[in-house]
Amino acid sequence: MIRLLLADDHPVVRAGLRALFATEPDFDVVAEAATGEHAVEQSRAGVDIVLMDLQFGDGMQGAEATRRIREAAGAPHVLVLTNYDTDADILGAVEAGAAGYLLKDAPPAELIAAVRAAARGESALAPTVAGRLEARQNSSGAALTTREAEVLGLVADGCSNRDIAKSLFLSEATVKSHLVHIFTKLQVSSRTAAVASARDRGYIRPA
């Protein structure tokens, strides 16, 4: 029996997932969490797989919750299930220790197969996500790093260099250095152009 924790801040999504897994004899939804913090707490209660959304309303987000869950001894596997497929989201989740990454529009059979694969300790990536990672690995090195994508995501939110530095616990000089690298990689000369280019390439979330 594969014991599941459903971590998503939308009750309708959790209800739909619970109904889906109830149709399979080898799944048991033992807990639910509506926040990242609660997901970390519930993950210690004899869970095998955590289905983790990336975006929660307030507080801890999915990537950080994944990292904290995976840091514990005997931690369950985490399978990200989200609407977002930007490079920053995918790489952030993988670097945090996620065993798989699926989009919420995945067919039910694909989701069920992915959970079983994760329970066996195998990687479970949606085909589009696997293709994105492979393309990034084969790129000429011009792709943004996870940190650069984080910086540019905050630029897109209208944050100043000071705001970004405070949010990411960096110095303003480091933020400026990241922006120089970003402008060089994207071959742009302004913050607005950098945001537009990064959104076109799927490095950060669309507006």
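This text goes with the structure placed above it.
## Structural notes on helix 10 (residues 191-201)
Piece 1. Residues of helix 10 that are buried include every one of Ala 194, Val 195, Ser 197 and Ala 198, and no others. Around the axis of helix 10, the buried residues are gathered within 170° of arc, so they sit on the same side. Residues of helix 10 that are exposed and point more than 90 degrees away from the buried face comprise Thr 192 and Asp 200.
Piece 2. As for helix 10, its buried residues are in contact with helix 7 (146-156) and helix 9 (172-186).
Piece 3. Gly 202 sits one or two residues past helix 10 and shows a positive phi near 80°.

## Remarks on the side chain of Asp 53
Piece 1. Relative to the elements of secondary structure, Asp 53 occurs in the loop between strand 3 (49-52) and helix 3 (62-71).
Piece 2. A polar side-chain atom of Asp 53 sits 3.4 Å from a polar atom in the side chain of Lys 104.
Piece 3. Excluding anything up to four places from it in sequence, Asp 53 contacts Ala 7, Asp 8, Asp 9, Gly 62, Leu 81, Thr 82 and Lys 104.

## Focus: the side chain of Asn 161
Piece 1. The topology assignment puts Asn 161 in helix 8 (residues 161-168).
Piece 2. Contact partners of Asn 161, with chain neighbours within four places excluded, come to Glu 172, Val 175, Lys 176, Leu 179 and Arg 191.

## Thoughts on empty space enclosed by the protein
Piece 1. Across all of its chains, the model carries one cavity of 30 Å³ or more by this definition.
Piece 2. Roughly 40 Å³ of internal volume is contained in the largest cavity.
Piece 3. Lining the largest cavity are Leu 6, Ala 7, Asp 8, Val 13, Leu 17, Leu 51, Asp 53, Leu 81 and Lys 104.
Piece 4. Taken together, the residues of the lining of the largest cavity sort by class into six nonpolar, no polar and three charged.

Cut-offs used in this document
Residues numbered from 1 in each chain as written. Predicted model: local features only at pLDDT ≥ 70, side-chain atom pairs only at ≥ 80, totals over all residues. Heavy atoms only, no water. Buried < 20%, exposed > 50% of the residue type's maximum accessible area, 1.4 Å probe, protein only. Helix = DSSP H or I, 4+ residues; strand = E, 2+ residues; numbered from the N terminus. Arc of directions from axis to C-beta. Contact = heavy atoms within 4.5 Å. Polar contact = N/O pair within 3.5 Å; in protein donor to acceptor, adjacent residues only side chain to side chain. 1 Å grid on protein atoms, 1.4 Å probe; cavity = no way out; pocket = protein on both sides within 12 Å on 5 of 7 lines; lining within 4 Å. Points joined across faces, edges and corners; volume = space filled by probe spheres on them. Nonpolar A, V, L, I, M, F, W, Y, C, P; charged D, E, K, R; others polar.

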